[in-house]
Amino acid sequence: MLKSFKTEIDPTLEQKVKINKTIGTCRYVYNFYLAHNKELYSNGEKFMSGKSFSLWLNNEYLPNNPEYAWIKEVSSKSVKKSIEDANIAFHKFFKHQSSFPKFKKKGKSDVKMYFVKTDKKSTIWCERHRIKIPTLGWVRLKEKAYLPTTKSGYVIKSGTVSMKAGRYYVSVLVEMPEIEKKTFLNEGVGVDLGLKDFAVLSTGKVYKNINKSARIKKLEKQLKREQRCLSRKYENLKKGESTQKNIQKQKLKVQRIHHRIDNIRTDYINKTISEIVKTKPSYITIEDLNVSGMMKNRHLSKAVASQKFYEFRNKLKVKCEDNGIELRVVDRFYPSSKQCHCCGRIKKELKLSERTYKCNCGYVEDRDFNASLNLRDAKIYRIA
């Protein structure tokens, strides 16, 4: 069984330069592969696969263009991985699974430095407080004893190093022993996700919306102020009253606040999922939300995006698989909010402003709690 772990690292100044250089080279090669195939298409030539491009780059292009020799100064595994990623993006486009691949933009796109075991006999060593990354050497970990160590018998297959808001992270794929899955006989749980409250459980437990907390509101107010400051610096740059260095400093401030808000939301999702799974239900039922459709509503799009429903579902699925809990997904057209849990009558005209569900049979209950009860007792579903 393979499991991924991600934690922050504390590289030296020399290591930071190497990481930044590798990430920059990977971004350039990714864009070069896209541009080269676009040029071939415009000339009426055949599409070049990732493997063919890698051979052409090393054997023809670089020997004839020595000014680009810096591409070979970084890890060849990372460069090959960036070409593979671009090749996969093209194949997804050809199969109509995604849009046409976009160029990676410096400072905005999430490009990572990839590393892997060089051969079957080699080992990526990891100790309690440090990890040995190929081409970088030993790198200190900020969170000690989080990654599985090599001495304990765990094997790191591959990993990536990424940078976000001036902070560096390592993510590793570890081969873990198979865990015996237990079967729980407790009652199932229905989870209704929403905007007023983040999640309402059929047990009666309510998880508040973290975005309405004073902590997030304070950071969003601070973010708005720093973004205005950044905008003014761009305007002053045109007038010659500001410098590019000042803009980079201000941009880093904005990135750090964004990163801080994102970390708080992710942490809240992790804790919520952990608490739900700890109750050891026999199954968990959620609704297949049409998030992309909800995002089209300009009045709710910001609130929907900040709730991170997709991330919640993915993490809940992984946690359920690890603990042997069945995750049920109900169809998005299932009337969980409109159906009376007592008599089964469906109230077709239910407005979003009606927070209390009132039925003709005399049943009165909170709208979200009623939906969670219906999800728990749903008969038609699919296993995620």
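Not measured: the values here are computed from a predicted model.

The rules behind the values
- The written sequence of each chain sets the order in which its residues are numbered from 1.
- It should be noted that, the model being predicted, local features are given only for residues of pLDDT at least 70 and side-chain atom pairs only at 80 or more, the latter also being counted only at that level, while totals for whole chains, interfaces and linings use all residues.
- To obtain the side-chain values, all non-hydrogen atoms of the structure were included, while hydrogens and water were left out.
- Whenever Lys or Arg places a side-chain nitrogen within 4 Å of a carboxyl oxygen from Asp or Glu, that contact is recorded as a salt bridge.
- Strands here are runs of E lasting at least two residues and helices are runs of H or I lasting at least four, both read from the DSSP assignment and numbered beginning at the N terminus.
- Buried means the residue's accessible area, taken with a 1.4 Å probe over protein chains only, is under 20% of the maximum for its type, while exposed means over 50%, and partly exposed covers the values in between.
- Note on method: axes are straight lines fitted to C-alpha atoms, helices fitted across the in-contact stretch only, with angles between N-to-C directions ranging 0 to 180 degrees.
- Every angle not falling under 35 degrees, over 145, or within 65 to 115 is termed oblique; those three ranges are roughly parallel, roughly antiparallel and roughly perpendicular.
- In this scheme, a crossing is called left-handed if the near helix is turned counterclockwise away from the far one by less than a right angle; it is called right-handed if the turn is clockwise.
- For this classification, the nonpolar set comprises Ala, Val, Leu, Ile, Met, Phe, Trp, Tyr, Cys and Pro, the charged set comprises Asp, Glu, Lys and Arg, and every other residue, Gly included, is treated as polar.
- To estimate how far a helix should reach, multiply one less than its number of residues by 1.5 Å.
- Two axes are fitted around each residue, one to the seven residues ending there and one to the seven starting there, and the angle between them is reported as the bend at that residue.
- Whether two residues are in contact is decided by their heavy atoms: any pair within 4.5 Å suffices.
- The criterion for an aromatic pair is that two Phe, Tyr or Trp rings (for Trp, the six-membered ring) have centres within 6.5 Å, with stacked assigned to planes under 30 degrees apart, edge-to-face to planes over 60 apart and tilted to the rest.
- The rule is short: NZ of Lys or CZ of Arg within 6 Å of the ring centre and within 35 degrees of the ring normal puts a charge over the ring.
- Pairing between strands is defined by DSSP: at least two bridges between them are needed.

Chemist: What am I meant to see in the pattern of salt bridges here?
Modeler: When their charged atoms lie close together, side chains carrying opposite charge are able to pair. In the structure shown here, the tally under the stated rule is 22 salt bridges. Linking Lys-142 and Glu-8 is a salt bridge whose minimum nitrogen-to-oxygen distance equals 3.2 Å. Residue Lys-142 is found in the loop between strand S4 (137-141) and strand S5 (155-164), and its partner Glu-8 is found in strand S1 (residues 2-10); the two are separated by 134 residues along the sequence. The class of Glu-8 is buried, set by a relative accessible area of 11%. Measuring nitrogen to oxygen at the nearest pair gives 2.5 Å for the salt bridge that ties Glu-73 to Lys-21. Of the two residues, Glu-73 sits in the loop between helix H2 (50-64) and helix H3 (76-94) while Lys-21 sits in helix H1 (residues 13-42), which places them 52 residues apart along the sequence. Overall, the relative accessible area of 40% leaves Lys-21 in the partly exposed class. Salt bridges sharing common partners tie together Lys-164, Asp-262, Lys-308, Glu-311 and Lys-315.

Chemist: What's the story with the environment of Lys-120 in this structure? I'm lost.
Modeler: For Lys-120, the position within the fold is in the loop between strand S2 (113-116) and strand S3 (130-133). For Lys-120, a relative accessible area of 82% translates into the label exposed. Considered as a pair, Lys-120 and Lys-157 are 37 residues apart in the sequence and their alpha carbons are 9.7 Å apart.

Chemist: Looking at this structure, I do not really get the packing of helix H4 (residues 214-239) against helix H5 (residues 244-278). What am I missing?
Modeler: When two helices pack together, you describe them by how their axes are tilted relative to each other and by the distance separating the axes. Running from N to C, H4 and H5 point in directions that differ by 160°, and their axes come no closer than 9 Å. The pairing of H4 with H5 is recorded here as roughly antiparallel in orientation. Note that H4 runs across H5; the crossing there is left-handed. Of the residues that constitute the contact of H4 with H5, the class distribution is twelve nonpolar, six polar and eight charged.

Chemist: Is there a simple way to explain H2 in this structure?
Modeler: Every α-helix winds through 3.6 residues per turn, so residues three or four apart in the chain are directed the same way. Its 15 residues give H2 an end-to-end C-alpha distance of 20 Å, which sits within 8% of 21 Å, the value for a rise of 1.5 Å per residue. When the local axis directions of H2 are compared, the greatest deviation, roughly 45°, occurs at Leu-57. Listing the buried residues of H2 in full gives Gly-50, Phe-53, Ser-54, Trp-56, Leu-57, Tyr-61 and Leu-62. Looking at the buried positions of H2, the neighbouring elements they touch are H1 and H3.

Chemist: Where do I start with the packing of aromatic side chains in this structure?
Modeler: Two aromatic rings are characterised by how far apart their centres lie and by the angle between their planes. Enumeration according to the criterion identifies 22 aromatic pairs in this entry. Aromatic pair Trp-56 and Tyr-61: ring centres 5.3 Å apart, planes at 35°, arrangement tilted. Judged by its relative accessible area of 18%, Trp-56 falls in the buried class. The ring of Tyr-169 carries Lys-6 above its face, with NZ or CZ at 5.4 Å from the centroid. Against the face of Tyr-283 rests Arg-328, its NZ or CZ located 3.6 Å from the ring centre.

Chemist: Help me understand the side chain of Asp-197 in this model?
Modeler: Relative to the helices and strands, Asp-197 resides in strand S8 (residues 197-201). Taking relative accessible area as the criterion, Asp-197 reaches 10% and is therefore assigned buried. Dropping the residues within four chain positions of it, Asp-197 is found in contact with Val-206, Tyr-207, Lys-208, Asn-209 and Gln-307.

Chemist: Sorry, what's going on with unusual backbone geometry here?
Modeler: A positive phi angle, near 75°, is found at Thr-135, a position not held by glycine. Here Thr-135 lies in the loop between S3 and S4. Taking the relative accessible area as the measure of exposure, Thr-135 reaches 46% and is therefore partly exposed. A positive phi angle is found at Lys-308, which is not glycine, with a value near 55°. As for its position among the elements, Lys-308 is in the loop between helix H7 (301-307) and helix H8 (309-323). Residue classification places Lys-308 among the buried positions, given a relative accessible area of 15%.

Chemist: What exactly am I supposed to notice about the sheet that holds S5 here?
Modeler: Within a beta sheet, neighbouring strands are joined by backbone hydrogen bonds and run either parallel or antiparallel to one another. An order of S2-S5-S6-S1-S4-S3 is seen for the six strands of this open sheet, with the pairing classed as antiparallel. Whereas interior strands pair on both sides, the edge strands pair on one side only; in this sheet they are S2 and S3. Going from strand to strand, the sheet's axes swing by 35° on average, the running direction of each strand aside. Of the pairings in the sheet, the one linking S5 to strand S6 (residues 167-175) comprises nine bridges and is antiparallel in character. Directly across from Met-163, in S6, lies its bridge partner Tyr-168. H1 contacts S2, S4, S5 and S6 of the sheet and is inclined by roughly 90° relative to S5.

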